[in-house]
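Each chain is listed here by its residues.
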Amino acid sequence: MSAEKEKTGIRAIARLAGVSTATVSRALNRPQSVSEELRQRIQSIVEEAGYVPHGMARALSSNRTRTIGAIIPTIDNAMFARGIEALQKFLSSRGYMLILATNEYDIDVELEQARNLIGRGIDGLILRGDCHHQALRELLVARDMPSINVGVYNPNGTAASIGVDNEAAAHRAMMHLISLGHKKIGVVSALQRNNDRASARIRGFRRALAENGLDLPAEWHVEVRYTLDDARDAARQLLTGKTAPTAIACGNDVLAYGVMLEAERRGLQLPKDLSVVGFDDLDWSRHLRPALTTLHVPTDVTWRGAGEYLLARLDGHRVPNHYQIDYSLIIRESTSAP
C-alpha cells in the first residue's frame, strides 16, 4: 500500500467516524489514549471498510513496529501456553502483535533467536528466566532494547524481572510435607542445566530439609526432562530402592502427575502410602483423583505483567524493574501424614 493510499484510507475512516485523522491514528496505534466507545466505533468502521494499516509506513513514521518478541524453552508445557495466551490477549488489546520463538533450554539457540527477532524490528523482548548467554545481555544493552525476564524475581539483577521467589515457594512446599510428619522425602525435579528456576526450587527443597535436620540422599533426588514418561521412570527409581520415601516433592505439576501415575500402577494408595506435592497448579491438578497439593503460581498475571512493563517502558514511563508475584500453597488430597 502506497503512502498516498495510506493517507486516503485514514482520511476516509476519519470522515466516516466524524473525527480527525490524528484521532484515528491514536485509536489504531495507542488504543488506550482514546475512550473505549470511540475506539470501538472506529474499529467497527475500519472492519467494515476493510482498511488495513500499512505496517512498514507505520513503523517508519513512529519508529515502532508494534511487535513484541518472546522466547520460551518449549511450547510443550501447559504453563507456558497459559502465560502466552494471557500475554497475547493483553498485547492485542493495546494494538501490539506477539512473535514467539522457542530455544529448548539452549542459550546458544536463544541468542540466535533473539538476534533474528531484533533483526525483524521488535520493540521489546520477553525472556524466560535469568540464565542467558552473555552475548545476549550485551546485545540488549547495545540495542537499548527493553526486555524482561519472566518466571523469576531477582531484585539484585541488572535485568528486569517478574515472577515468584522460586526458592521460597519450594521451601514452603517442602515444609508442608515436613509439618505432616514426613522424614523420608524424595525429590523429582526438572533438569537444572540452563534452568535457574529448577535450581532455585531444588535449593528451597534442600534448605527446608536441612533446617529440620533431614537429609536428601543422592539416590532420592532425580532430575528429568519435562515429560510424564521421564517422571514415571524417576518414581520407579525412587520407589524400588532398599528404602523408599513416604513423600515426594516435585519441581512442577507434570512431574507430579507422572509420579502419581507410577505410584498407582505399583499398587500404592495416595496419600496413605505416598504423599506427592507439585508446583505451578495447572488446570488438571484439581481434577485428579486424588487432587494434587501444589504451589499456585498466577501464570497469567505474571506474563501479562511482563507485557505491561514493556509497553510502559516503550511509552516512556519510569517504572520499577522488578516485580514479585505472590504464590500460595493449595492443599488438596495428595498429601497426608505418613
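See the structure above.
Here the structure is a predicted model, which is why all the values come from computation and not from measurement.

Basis of the calculations
Residues numbered from 1 in each chain as written. Predicted model: local features only at pLDDT ≥ 70, side-chain atom pairs only at ≥ 80, totals over all residues. Heavy atoms only, no water. Axes fitted to C-alpha atoms, helices over the stretch in contact; angles between N-to-C directions. Helix = DSSP H or I, 4+ residues; strand = E, 2+ residues; numbered from the N terminus. Parallel < 35°, antiparallel > 145°, perpendicular 65-115°, else oblique. Left-handed = near helix turned anticlockwise from the far one by under 90°. Contact = heavy atoms within 4.5 Å. Nonpolar A, V, L, I, M, F, W, Y, C, P; charged D, E, K, R; others polar. Phe/Tyr/Trp six-rings, centres within 6.5 Å; stacked < 30°, edge-to-face > 60°. Lys NZ or Arg CZ within 6 Å of the ring centre and 35° of its normal. Pairing = 2+ DSSP bridges. Buried < 20%, exposed > 50% of the residue type's maximum accessible area, 1.4 Å probe, protein only. Right-handed = clockwise from strand over helix to strand, strands pointing away. Expected span 1.5 Å × (residues − 1). Arc of directions from axis to C-beta. Salt bridge = Lys/Arg side-chain N within 4 Å of Asp/Glu carboxyl O. Core = buried A, V, L, I, M, F, W, Y, C linked by side-chain atoms within 4.5 Å.

Draft legend 1. Up close: the packing of helix α10 (residues 228–239) against helix α11 (residues 253–265). Contact geometry for α10 and α11: axes closest at 7 Å, N-to-C directions at 55 degrees. Classified by the interaxial angle, the pair formed by α10 and α11 is oblique. Judged by the twist between their axes, the crossing of α10 over α11 is right-handed. Facing α10, whose interface residues are Leu-228, Ala-231, Arg-232, Ala-235, Arg-236 and Leu-239, α11 presents Val-254, Leu-255, Tyr-257, Gly-258, Val-259, Leu-261, Glu-262, Ala-263 and Arg-265. Across the contact of α10 with α11, the residue classes break down as 10 nonpolar, 1 polar and 4 charged.

Draft legend 2. Structural view of the packing of aromatic side chains. Summed over the entire model, instances satisfying the criterion amount to 1 aromatic pair. Above the ring of Phe-279, the side-chain terminus of Arg-201 is found at 3.7 Å from the ring centroid.

Draft legend 3. Region of interest: the sheet that holds strand β9 (residues 275–280). Spatially, the 6 strands line up as an open sheet ordered β7-β6-β8-β9-β10-β12, and their pairing is mixed. The outermost strands of the open sheet, each flanked by one partner alone, are β7 (221–224) and β12 (328–330). When strand polarity is set aside, the average angle formed by the axes of neighbouring strands in this sheet is 20 degrees. For strand β6 (residues 185–190) and β7, the ladder comprises 4 bridges, and the chain directions are parallel. The residue bridging Val-188 from the neighbouring strand is Val-222, located in β7. Helix α8 (residues 166–179) rests against β6, β8 (247–250), β9, β10 (293–296) and β12 of the sheet, and its axis sits at about 160 degrees to β9.

Draft legend 4. Seen up close, unusual backbone geometry. With an omega of 5 degrees, the peptide bond between Leu-270 and Pro-271 qualifies as cis. Residue placement: Pro-271 occurs in the loop between α11 and β9. Residue Pro-290 follows Arg-289 across a cis peptide bond; omega there is 0 degrees. Phi at Glu-104 is positive, roughly 55 degrees, even though this residue is not glycine. Counting through the fold element by element, Glu-104 comes out in the loop between β2 (97–102) and α6 (107–119). For Glu-104, a relative accessible area of 53% corresponds to the exposed category. Phi at Asp-280 takes a positive value of approximately 130 degrees, unusual for a residue other than glycine. Within the secondary structure layout, Asp-280 lies in strand β9. Residue class for Asp-280 comes out buried when judged on its relative accessible area of 2%.

Draft legend 5. Up close: the pairing of β2. Looking at chain direction, strand β1 (residues 67–72) and β2 are connected through 6 bridges and run parallel. Paired with Ala-70 across the two strands is Leu-100, which belongs to β2. Taken together, β1, helix α5 (residues 78–93) and β2 form a β-α-β motif whose crossover is right-handed.

Draft legend 6. View of the sheet that holds strand β11 (residues 322–324). Within the open sheet, the 6 strands sit side by side as β2-β1-β3-β4-β5-β11. Their pairing is parallel. Both outer strands of the open sheet, β2 and β11, are each paired with one neighbouring strand and no more. Between one strand axis and the next, the sheet turns by 20 degrees as a mean value, whatever way the strands run. Strands β1, β2 and β3 (124–128) of the sheet are contacted by α5, whose axis makes an angle of about 155 degrees with β2.

Draft legend 7. Molecular detail of α10. An ideal rise of 1.5 Å per residue puts 16 Å on 12 residues; α10 measures up with 16 Å between its terminal C-alpha atoms. Taken residue by residue, α10 has Asp-230, Ala-231, Ala-234, Ala-235, Leu-238 and Leu-239 as its buried positions. Buried residues of α10 fall within an arc of 165 degrees about the axis and therefore sit on the same side. Where the residues of α10 are buried, they touch β6, β7, β8 and α11.

Draft legend 8. Quick look at the pattern of salt bridges. Going through the model one piece at a time under the given rule, you end up with 19 salt bridges. A salt bridge links Arg-115 to Glu-112, with the nearest nitrogen and oxygen atoms 3.9 Å apart. Separated by 3 residues within a single helix, Arg-115 and Glu-112 lie in helix α6, roughly one turn from each other. Residue classification places Arg-115 among the partly exposed positions, given a relative accessible area of 44%.

Draft legend 9. Molecular detail of the nonpolar core. Judged by nonpolar contacts, the single largest core of 68 residues is most densely connected at Ile-126, Met-174, Val-188 and Val-276. If you tally residues by element for this core, the top one is α11, at 7 residues. Judged by nonpolar contacts, the second largest core, of 13 residues, contains Ala-114, Leu-117, Ile-118 and Leu-125.

Keep in mind these values describe shape, not function.
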